[in-house]
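# Structure at a glance
These are the residues of each chain, in order.
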Amino acid sequence: MAMASLYRRSLPSPPAIDFSSAEGKLIFNEALQKGTMEGFFRLISYFQTQSEPAYCGLASLAVVLNALSIDPGRKWKGPWRWFDESMLDCCEPLEVVKEKGISFGKVVCLAHCSGAKVEAFRTSQSSIDEFRELVEKCTRSENCHMISTYYRGVFKQTGSGHFSPIGGYNAERDMALILDTARFKYPPHWVPLELLWEAMDSIDKSTGKHRGFMLISRPHREPGLLYTLSCKDESWIDTAKYLKEDVPRLVSSQNVDSVEKIISVVFKSLPSNFNQFIRWVAEIRITEDSNKHLSAEEKSRLNLKELVLKEVHETELFKHISKFLSSVCYEDCLTYTAAMACCQGAEILSGCSSKKFCCRETCVKIKGPGDNEGTVVTGVVVRDGNEQKVDLLVPSTKTDCECGPEANYPAGNDVFTALLLALPPQTWSGIKDQALMEEMKQLISVASLPTLLQEEVLHLRRQLQLLKRCQENKEEDDLAAPA
């Protein structure tokens, strides 16, 4: 049976006060004069209506991430890097969110995965006085925003659980501004802070836990400059399990007597879909673009990536891995790597699954030396009989090969090195030879790495911990940032 259509809802007032009403404007002006609307202008500049009735959590997070100018490091559409609801799927499939909504713990997980600094509190872990203090602190800053999850019924509104950013605070009246992302239903509105606390201090029936709030701010550097974990498909489940469970068991159960033996044990048991789990963060463009030159921003990003890659190559672990791979005559399949990269690029550009693409041909061009030095992987990607040319600008890997003394291309030993560095130190605690265990811990010590590479490795380590948390269904119990 067809559902009757609706055009908005009347905002129950009291207790809420419409933001655009005469009183709402007065409350706004009072708060503006007192300095507790500082974050409002950033939020309202990027405010959006949720694209699905159950996307309030995703829309609230996208608004806040964009307001904080956090670079997602990957494209939304065309050439634009931008947070959109459709990109926030690493902790819960979008189809599940569309049908059932999303829990507080999973939105916190998404914020962590997106590279933000997050402090999350359930009402059972806080108090109304602490909440009031944090609301005032956050609304006095452009660099911190708050998302609240609450029960609509307390405000006499229809619906149940909901997420929205907090846009401001009037301390004299003790009222908070809710920027409701369901703008098709209710406009932004002021509510008494005590009532907002009561609405948050309710139980989410889907988790059996209290609702709450989170403070989100910028990291000091966007993570995932060179590498990122892919968790869009099922590959991450196998690989995360292998890295977190199987690797410690393998190195403790087998008679390993050298670093090369450890690498051999780990490498030879890698899941077949390992390459889908960790991948390069590539800059993607269509070859038909009239401007063939890199912009100043692209040059800067590429230079930083090459610096991180250089730092990877200078680690002792990389030297051990390269030595081992040479001893077993391992060679990167450049054609396969380029084809997979181009299919992933076409996926990002089109929004379609990479499984629907095949790559008819690839070409790797080396640019340099000079300002435009780097690697350009070009592919002709085919989908439903239609061809599209894609260029990927990627960092350079220098290695000896038949095509010249110094050819540059993305190589497996770089990725393998980064991932082993990202494993927690306790991974190697089961090695029976104490001297070898200490040597391995020195090789993977994050403290000894240069700053850029250290941040890259710690980002990968945090992602691994978050994926494991989701895999074990512990994201509702542990809201803290990964250690």
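Note that the structure is a prediction, hence the values are computed from the model and not measured. (Residues numbered from 1 in each chain as written. Predicted model: local features only at pLDDT ≥ 70, side-chain atom pairs only at ≥ 80, totals over all residues. Heavy atoms only, no water.)

Time to look at the pattern of salt bridges. Overall, the coordinates contain 15 salt bridges when judged by the stated rule. The partner of Arg 173 in a salt bridge is Glu 23, and the shortest N-O contact between them spans 3.6 Å. Remark: Glu 23 occurs in helix H1 (residues 22-33) and Arg 173 occurs in the loop between strand E6 (161-170) and strand E7 (175-178); sequence separation between them is 150 residues. Residue classification places Arg 173 among the partly exposed positions, given a relative accessible area of 30%. For the salt bridge of Arg 140 with Glu 136, the shortest nitrogen-to-oxygen distance reads 3.1 Å. Judged by relative accessible area, Glu 136 falls into the partly exposed class, the value being 25%. Because the salt bridges share partners, they merge into one network encompassing Glu 23, Glu 30 and Arg 173. (Salt bridge = Lys/Arg side-chain N within 4 Å of Asp/Glu carboxyl O. Helix = DSSP H or I, 4+ residues; strand = E, 2+ residues; numbered from the N terminus. Buried < 20%, exposed > 50% of the residue type's maximum accessible area, 1.4 Å probe, protein only.)

A few words on the pairing of strand E8 (residues 189-192). In this sheet, E8 lies alongside strand E1 (residues 17-18) in antiparallel orientation, the contact comprising 2 bridges. Within E8, the residue paired with Asp 18 across the bridge is His 189. Strand direction decides the pairing type here: E7 and E8, joined by 4 bridges, are antiparallel. Bridge assignment links Ile 178 to a residue of E8, and that residue is His 189. (Pairing = 2+ DSSP bridges.)

Moving on, we come to the sheet that holds E6. The sheet built from 7 strands is open, its strands ordered E1-E8-E7-E6-E5-E11-E4 with antiparallel pairing. For this open sheet the edge positions go to E1 and strand E4 (117-122), each flanked by a neighbour on one side alone. Packing of helix H6 (residues 128-139) onto the sheet brings it into contact with E4, strand E5 (144-151), E6 and strand E11 (212-217), and relative to E5 it is tilted by some 140°. Contacting E5, E6, E7, E8 and E11, helix H7 (residues 193-200) crosses the sheet at an angle of about 65° to E5. (Contact = heavy atoms within 4.5 Å. Axes fitted to C-alpha atoms, helices over the stretch in contact; angles between N-to-C directions.)

Further remarks concern the packing of aromatic side chains. Counting across every chain of the model gives 12 aromatic pairs. A network of ring pairs unites the aromatic residues Phe 19, Phe 28, Phe 40 and Phe 41 as a single cluster. (Phe/Tyr/Trp six-rings, centres within 6.5 Å; stacked < 30°, edge-to-face > 60°.)

Now for helix H15 (residues 451-471). Between the first and last C-alpha of H15 there are 30 Å, a value that for 21 residues agrees with the 30 Å anticipated at 1.5 Å per step. A positive phi of about 55° marks Asn 473, the residue just after H15. (Expected span 1.5 Å × (residues − 1).)

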